[in-house]
Amino acid sequence: MSVTGTARGVGLPPARDLGRRRADVLERLATDRHAWLATGGTPDAHLVPLGCVWDGVHLVMATQERHRTVRNLRGHGFARAALGSPADVVLIDGPVEIVPYPELPADAPAILAELPVNPSRVPGCVYLFLTPRRVLAWRHRGEIPGRTVMKDGRWLA
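What you see as residue numbers is a count from 1 along each chain, following the sequence as written. Local features in a predicted model are, by the rule used here, given only for residues with pLDDT of at least 70; side-chain atom pairs are given and counted only at 80 or more, and totals for whole chains, interfaces and linings are based on all residues. With hydrogens and water excluded, all non-hydrogen atoms of the structure serve as input to the side-chain values.

J.: Looking at this model, I keep getting lost on the environment of tryptophan 54. Mind explaining?
T.: Tracing the chain through its elements places tryptophan 54 in strand β2 (residues 46–54). Residues tryptophan 54 and proline 102, spaced 48 residues apart in sequence, show a C-alpha to C-alpha distance of 20 Å. Throughout, a contact is declared for two residues whenever any of their heavy atoms are within 4.5 Å. Every residue in contact with tryptophan 54, bar those within four places of it in the chain, is listed here: Leu26, Leu29, Ala30, Leu59, Ile111 and Pro132. A run of H or I in DSSP becomes a helix once it reaches four residues, and a run of E becomes a strand once it reaches two; helices and strands are each numbered from the N terminus.

Here is the structure:
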């Protein structure tokens, strides 16, 4: 196929509707165990891969308290997580709450034990609870115009 044909979207599968995209995002959240987490700070942005789990409300990750990611979050409190691949992208923007293990509520979801770096077993680690405020999802150029599936913390479908 020519580059021109690809640029016009010729040969691409039909774009998913919002309902299908939301279902696909929720499936990815339930099954993916790694995310890229981007934070901003001084002197610049920071991007790291972290193990993750979805507790039904938050994308939960963990890292060492001393790491730059935590310093950036303490200064700004907002992050972007990326799941998937360039051919199936999910971006999640939202505030992040930093929770030391001793402060974790007694009713915390059991799924948190699945984190590879788990603050209950690794001294000096903290939980990072990212609450989605905006979620974008697309698989190809034809899906970019409708990529927003959550806005202001509400699913659009």
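There's plenty left to go through after this.
J.: Please clarify how the pairing of strand β8 (residues 148–151) should be interpreted in this entry.
T.: Each regular strand carries side chains that alternate between the two faces of the sheet. Here the rule is simple: two strands pair whenever DSSP picks up at least two bridges between them. Pairing between strand β7 (residues 134–138) and β8: two bridges, direction antiparallel. Paired with valine 135 across the two strands is methionine 150, which belongs to β8. Pairing of β8 with strand β9 (residues 154–155) involves two bridges; the strand directions are antiparallel. In the sheet register, lysine 151 faces β9, and the bridge partner there is arginine 154. A loop of two residues connects β8 with β9, the two strands running antiparallel in sequence, and aspartate 152 in this loop sits at a positive phi of about 55 degrees.

J.: Please explain unusual backbone geometry as it appears in this structure.
T.: The bulk of non-glycine residues show a negative phi, and the bulk of peptide bonds are trans. In the Ramachandran plot, aspartate 152 falls in the positive-phi region, its phi being about 55 degrees despite a non-glycine side chain. Counting through the fold element by element, aspartate 152 comes out in the loop between β8 and β9.

Nothing here speaks to function; it is all geometry.
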